[in-house]
Amino acid sequence: MLNIGQTENFSKMDKSQILAKFSSDPERYYKVSLFEEKGFMRKSCTKCKRFFWTLDQTQSFCPEDAENNYSFIGNPPTKKRFDYVQAWKEVESFFVQNGHKSVSRYPVVCRWRDDLYFTIASIVDFQRVMGSKVVFEFPANPLVVPQICLRFKDIENVGVTGRHFSSFCMIGQHSVPNSQGYWKDKCIELDFRLLTEKFGIDKKEVVFVEDVWAGGGSFGSSLEYFVRGLELGNAVFTEFGGDLNSYSVLDQKIIDMGAGLERFAWITMGTPTAYDCCFGPITKNLIETVGIDVEPKLLQEYFTAISKGLRESTDLTQVRKSATKQTKIDEAKYNKIIAPLEGIYLIADHLRTLVFAISDGALPSNVGGGYNLRMILRRVIATMDRFGWNLDLKELADMHIDYLKSTYHELDETRNDVKTIIGIERERYGESKTRMKGIANTLKTQNKMLTVDDLIRLYESGGITPDFLKQEQIISEIPSTFYERLSSLHQSEKVEKKEILNLDGIPDTIALYYGEDPAEFEAKVLKVINKKFVILDKTSFYPRGGGQEPDYGKIAGFDVVDVNKHGNIIVHELKGGIPKEGQAVSCVVDSKRRDGITKHHTSTHILNSSSRNVLGSWVWQHSAFKEEDHARLDITHHSALTEEEVAKIEELANAKVKENITIIIQNFDRGTAEQKYGFRIYQGGIVPVKSVRIVSIKDFDVEACGGTHVKSTKDVDLIKITRTKRIQDGVVRLEFVAGKAAREYIKKHAEELQKQLHEKAVKEQRDKLREQRKQEAREKIPALLRQVYEPDLIALKDNKIYVFEVKSRKFVYTANDHYDEYFHINFGEELVKHDPRIVYCGVFEEGGKVRTIIHAGEEASKQNKAGDIAKAISQILGGYGGGNPRFAQGGGPNKSKKDEAINKAKSMVLE
Ligand SMILES: [Zn+2]
Ligand SMILES: [Zn+2]
């Protein structure tokens, strides 16, 4: 099944019932005019009973059960050989010649659906969300599109089965039956002619199998077409709405034909695998670089056996085993040829997926869709490590782009960005390897069986891929369910839940803010809910939305504290009172607040594009918040921003402000806007309405946006980034202010800077003075000593040195703040040397604490040990002290107890 564009909510049971019903009336559901004209026979498979249509009388098995399954390998059924790029050119020219418009591919990052990260089918391109419904919007009818689709569910098959890819090109042939478009007959006729006329496949080789498709509340018959067991395409005719019990014919029937371009190339080339003909020169180049001696015959046999084996079993290990047995490949040969080839195919495939995804603005990360991208890049590196290959991934990316650019020219424009991101991711993986090795070693010693849950935990918490564990020989095989489990874990993260208020019967509110936008207006109260919510017939109050905060103001004199939009109804939340239903009320919007919010909103657009210009094409708005006096913009970016980058972004933003660019707001039909501007317009997420409001700042920034904006960039006045921060893997936050808030910020910032500078100068002056005094004090030591020896009481008092003498005991102390540690140590030492009866106590402040230094002369220390005195003093000061009998020190934080401490020392010595 190629088509899985819609959510499949039909069970297998439902589908088999529908199939039984449709197949019981083949004339009505399956018999197209081509079958009639050419004489196709309807048969039931001898083995599985399914119905199929063929021109080959001898065939009694459906394509999946037929003997010639995969016999195109080594023996293609076409006269011409088309590689991947050429195959598309052929398909495209055929459909264009037959009245189709060829539409460029849509991004692989599905920006227009909020339930999908990646585009998984061509039909998804044309699905748009309207409320809770999915509608179809086709830019042309009929059309054909080479849509690259990303699918990560079957990733363990990639490189192994010969036909599974993590990304592939779905040839989408779409038609709506009306005056331009066609229905079943023409569709099948075209598909048949494409195979037989354009690709030269014998008409007897083409088999159509009856099937059905159901999903998203609709269903219809489908015809899958096969050549030699290979399903090339599936034409789905979406025709009915409802389910089997109750359904009706849809107003808009749709043909959704999806075919795999890789398979078209493969069947014409007949190479052992589709990988051999779909990556241009890359596969061959890698085989040569790595140095594998390929044996074409052996590979043909092996991969044919693999393809056939997959019909019987989905257990890859089992299929591999039986294929090697059948083709007599021993272990040595397997390790020499098959294993490295699988590695090469995987690398080529995964890199191609990364090229498309990064080019379309996705970043590898550990959240959301980025998750799968990081995982496949790590698989590439782990594979290289496992085989000891030193490949230049950037060079390989270049080769992919060179090969693909004739179909997808846009890849050329983002070439350097793609290589930058691959380089950064590879480096990061290298950095984390030491840590991973450590964890691997621990696991080895534990020697326990790892379950799929264990593996998922290891990857989720430590980024450790099972490929790495395999390489480290911790596990022997990667469980087949691992990647499926992992990708389903991260599938549903994108959908958010919204609260729904019951507003039945209330008409849509007329939004005045998109028109005249009066700050004062009269309105009628239509409804009051819960004594706080008010709904008016019309309003100028802008409701919260797209990150823009709501307007405040007054309704009938009561404060408006919140405004929200529910569908097209605007609900005001009031505080302090509420008007009556039916009442005519005067309303006033706080225009100062609105003005601030508006400036910040327009600045968000300017900064977003400035960031993308400065940093790279991977920058998208992740989310935004706009208030009256500040705002923030979260962008997708791989690393934290450097100061230089911030300065550059700010500089470019303000240059755009100065340019005074007129901001143009126009409404477009959604499809027209997408074709005209591309999907870059969806910076703020999907637009769930048919008409989009495009806000453009020349071609510098064009976004679909419902917010309020200034008339010209100069109205913003100034943008100042106040802070940036990496808030999650792959997302960086820019906090900023604009307009008056920016001026105020800068003024305040300048004042603060001035204040800081002043404080610094004052402190420096003070420190200098203190140093000076200390120096002077040191120089004064000899003079001061003399004053003590030959007591000069007046001089001593001037210097705050106090001498006490009681019965031949002497206590000298000073707490003069001009004296420092150096002074006290030297002064005290000299003092007690000269007179052994002296106890000297020096007290000073340092580092927010009171410190003390005690010297005891030889004689004095017999009475009072310096250590004891220091201990006693320190205790009073709330700290600790100690030392020997002659010298000690201590101190504590209690500055207010300084005098008490000195008195204690004094009394210890003198009493
Ligand atoms: Zn069958
Ligand atoms: Zn906006």
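These numbers come from a predicted model, not from an experiment.

Trainee: Give me the packing of helix H9 (residues 296–312) against helix H10 (residues 316–326): which residues, what numbers.
Mentor: Interaxial distance between H9 and H10 falls to 9 Å at its minimum, and their mutual angle equals 140°. The orientation of H9 with respect to H10, classified from their angle, is oblique. Crossing of H9 against H10: the hand is right-handed. Here H9 contributes Tyr302, Ala305, Ile306, Gly309 and Leu310 to the contact with H10, which in turn contributes Leu316, Val319, Arg320, Ala323, Thr324 and Gln326. When grouped by side-chain class, the residues that make up the contact of H9 with H10 number seven nonpolar, three polar and one charged.

Trainee: Pulling in residues and values, what's your account of the coordination of the zinc ion (ligand 1)?
Mentor: Tetrahedral metal sites with four donors have an ideal angle of 109.5 degrees; octahedral sites with six donors have ideal angles of 90 or 180 degrees. Around the zinc ion (ligand 1), the donor atoms from the protein are Cys45 (SG), Cys48 (SG), Cys62 (SG) and Asp65 (OD), and they sit 2.0 to 2.3 Å away. Given four donor atoms and angles of 103 to 114° at the metal, the environment of the zinc ion (ligand 1) is assigned as tetrahedral. Mapping the donors of the zinc ion (ligand 1) onto the primary sequence yields the spacing C-x2-C-x13-C-x2-D. Of this pair, cysteine 48 sits in the loop between strand S1 (41–44) and strand S2 (51–54) while cysteine 62 is found in the loop between S2 and helix H4 (84–97), placing the two residues 14 residues apart along the sequence. Residue classification places cysteine 48 among the partly exposed positions, given a relative accessible area of 34%. Taking relative accessible area as the criterion, cysteine 62 reaches 4% and is therefore assigned buried.

Trainee: How would you explain the sheet that holds strand S3 (residues 101–102) if you had to name every residue and give the values?
Mentor: Ordered by their spatial adjacency, nine strands build an open sheet running S1-S2-S8-S9-S10-S11-S7-S6-S3, and the pairing between neighbours is mixed. Each edge of the open sheet carries a strand with a single partner, namely S1 and S3. Pairing between S2 and strand S8 (residues 206–215): two bridges, direction antiparallel. In the strand pairing of S8, phenylalanine 52 is matched with valine 209. Relative to strand S10 (residues 230–243), helix H5 (residues 184–198) is tilted by about 170°, and along the sheet it contacts strand S7 (167–175), S8, strand S9 (218–227), S10 and strand S11 (246–260).

Trainee: Explain the side chain of lysine 810 to me, and be specific about the residues and the numbers.
Mentor: Relative to the elements of secondary structure, lysine 810 occurs in strand S28 (residues 809–814). Note on lysine 810: relative accessible area 14%, which makes it buried. Within the structure, lysine 810 has its side chain in polar contact with the side chain of aspartate 835 (distance 2.9 Å). Sequence-distant contacts of lysine 810, that is, excluding residues within four places in its chain, are made with Phe804, Glu805, Asp835, Arg837, Ile838, Val839 and Val909.

Rules and cut-offs
Residues numbered from 1 in each chain as written. Chains lettered and ligands numbered in written order. Predicted model: local features only at pLDDT ≥ 70, side-chain atom pairs only at ≥ 80, totals over all residues. Heavy atoms only, no water. Axes fitted to C-alpha atoms, helices over the stretch in contact; angles between N-to-C directions. Helix = DSSP H or I, 4+ residues; strand = E, 2+ residues; numbered from the N terminus. Parallel < 35°, antiparallel > 145°, perpendicular 65-115°, else oblique. Left-handed = near helix turned anticlockwise from the far one by under 90°. Contact = heavy atoms within 4.5 Å. Nonpolar A, V, L, I, M, F, W, Y, C, P; charged D, E, K, R; others polar. Donors = N, O, S within 2.8 Å, 3.2 Å for Na, K, Ca; no water. Tetrahedral: all angles 85-135°; square planar, octahedral: opposite > 155°, others 65-115°. Buried < 20%, exposed > 50% of the residue type's maximum accessible area, 1.4 Å probe, protein only. Pairing = 2+ DSSP bridges. Polar contact = N/O pair within 3.5 Å; in protein donor to acceptor, adjacent residues only side chain to side chain.

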